[in-house]
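Remarks on the overall topology
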Amino acid sequence: MKPLPFLLALLVGCATSQPGGLSRERIADIVASPERSDADRQNDVRRKPAEMLSFIGVREGMVALDVSAAGGYTTELIARAVGPSGRVYGQTRAPDPRQRLANRKMANVVPIVRPFDDPVPPEASSNALDLVTLMFNYHDFGALGVDRAKMNSAIFRALKPGGVYIVADHSGRPGTGISESNTLHRVEEAFVRKEVEAAGFRYAGEGGFLRNPKDPRDRETPEPAQPKDEFVLKFVKP
């Protein structure tokens with residue numbers, strides 16, 4: 001029979017840990033960091049970073065790539081989560097005028113400028129990454145004419161076996177595919193899943209924390225005013 005202190009410690013661990021990822025307490029500390037900007041805190045209301053980091057299963061020491069990093073909101077969060085022993089590549093198609101990734105001077109963030117259909121730096125192009133994120137920009141690749149099959153294949157090659165690919169976006173109506181990328185700035189969830197799975201990924205689940213079933217999804221901004229219905233999908237390289 002196990003001693004009582006051991007059992008108590010086990011119970012505490014079960015209550016505070018996320019399977020395979022950081023504890024809820026550690027994630028809360030990351031989100032509450034005084035070094036984060038006021039703009040990011042305002043964005044947190046919509047983006048729900050604690051739920052996102054928990055769903056991703058991010059761990060210290062991971063090597064990650066944030067595709068279409070834009071202003072670097074997600075890049076910075078993941079960099080804080082993976083810690084000094086980890087590394088995050090923040091990919092943009094052109095230098096970002098806001099210069100967050102350069103100005104924050106986070107030692108474990110590597111800003112890279114590469115095309116969207118070839119987003120992985122050469123040193124990480126084969127079985128080198130633990131995590132890839134693509135946040136709310138997959139739909140844009142339709143309007144931009146990005147070769148998404150090439151992009152997804154490059155990401156597949158770059159991830160280690162068991163590596164995770166997270167795609168979040170604004171949800172489109174069934175049957176719309178990516179046709180509303182330049183009008184409603186939405187994409188059909190089933191369409192994204194089909195394209196990503198075609199690259200060899202296994203679907204591993206959805207985070208429902210950004211869902212809004214009341215959004216009619218027929219406008220860029222829902223009417224009456226309310227949060228958009230957004231999906232967060234997790235894929236794994238077998």
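Structure's up top.
Report follows, based on the coordinates. What you are looking at is a predicted structure, and each value in this text was computed from that prediction instead of being measured.

This part takes up the pairing of strand 5 (residues 159-170). Within strand 5, nine of the twelve residues are buried, which leaves the element mostly enclosed by the surrounding structure. Where strand 4 (residues 129-135) lies against strand 5, six bridges are found, and the strand directions are parallel. If you follow Leu129 over to strand 5, its bridge partner there is Leu159. Bridging between strand 5 and strand 7 (residues 230-236) involves seven bridges; their strand directions are antiparallel. Across the sheet, His170 pairs through a bridge with Glu230, a residue of strand 7.

With respect to the helices, strands and loops of the structure, Lys228 is situated in the loop between strand 6 (202-207) and strand 7. Buried charge without a salt bridge: Lys228, with Glu220 as the nearest opposite-charge side chain at an N-O distance of 4.8 Å. Separated by 3.3 Å, the side chain of Lys228 and the backbone oxygen of Glu220 make a polar contact. Every residue in contact with Lys228, bar those within four places of it in the chain, is listed here: His170, Leu184, His185, Arg186, Leu210, Asn212, Asp215, Glu220 and Pro222.

As a packed pair, helix 2 (residues 24-31) and helix 4 (residues 49-56) sit with axes 9 Å apart at the nearest point and diverge in direction by 135°. Accordingly, the angle class assigned to the pair helix 2 and helix 4 is oblique. Between helix 2 and helix 4 lies a crossing whose hand is right-handed. Contacts between helix 2 and helix 4 involve Ile27, Ile30 and Val31 on the former and, on the latter, Pro49, Ala50, Leu53 and Ser54. Tallied by class, the residues present in the contact of helix 2 with helix 4 amount to six nonpolar, one polar and no charged.

Before going further, it helps to spend a moment on the environment of Gly86. Looking at where Gly86 falls in the secondary structure, it is placed in the loop between helix 5 (73-82) and strand 2 (87-92). Assessed through its relative accessible area of 8%, Gly86 is described here as buried. For the pair Gly86 and Ala64, spaced 22 residues apart in the sequence, the C-alpha separation amounts to 8.0 Å. Other than its neighbours up to four places away in sequence, Gly86 contacts Gly61, Met62 and Asn108.

Turning our attention to helix 3 (residues 38-47). Buried within helix 3 we find Asp40, Asp44 and Arg47. Along the axis of helix 3, the buried positions cluster into a sector of 80°, meaning they face one direction only. Seen from the open side of helix 3, the exposed residues pointing more than 90 degrees away from its buried face are Asp38, Ala39, Gln42 and Val45. Positive phi shows up at Lys48, right after helix 3, with a value of about 50°.

Quick notes on the rules
- Residues numbered from 1 in each chain as written.
- Predicted model: local features only at pLDDT ≥ 70, side-chain atom pairs only at ≥ 80, totals over all residues.
- Heavy atoms only, no water.
- Buried < 20%, exposed > 50% of the residue type's maximum accessible area, 1.4 Å probe, protein only.
- Helix = DSSP H or I, 4+ residues; strand = E, 2+ residues; numbered from the N terminus.
- Pairing = 2+ DSSP bridges.
- Lys, Arg positive; Asp, Glu negative; His and termini not counted.
- Salt bridge = Lys/Arg side-chain N within 4 Å of Asp/Glu carboxyl O.
- Polar contact = N/O pair within 3.5 Å; in protein donor to acceptor, adjacent residues only side chain to side chain.
- Contact = heavy atoms within 4.5 Å.
- Axes fitted to C-alpha atoms, helices over the stretch in contact; angles between N-to-C directions.
- Parallel < 35°, antiparallel > 145°, perpendicular 65-115°, else oblique.
- Left-handed = near helix turned anticlockwise from the far one by under 90°.
- Nonpolar A, V, L, I, M, F, W, Y, C, P; charged D, E, K, R; others polar.
- Arc of directions from axis to C-beta.

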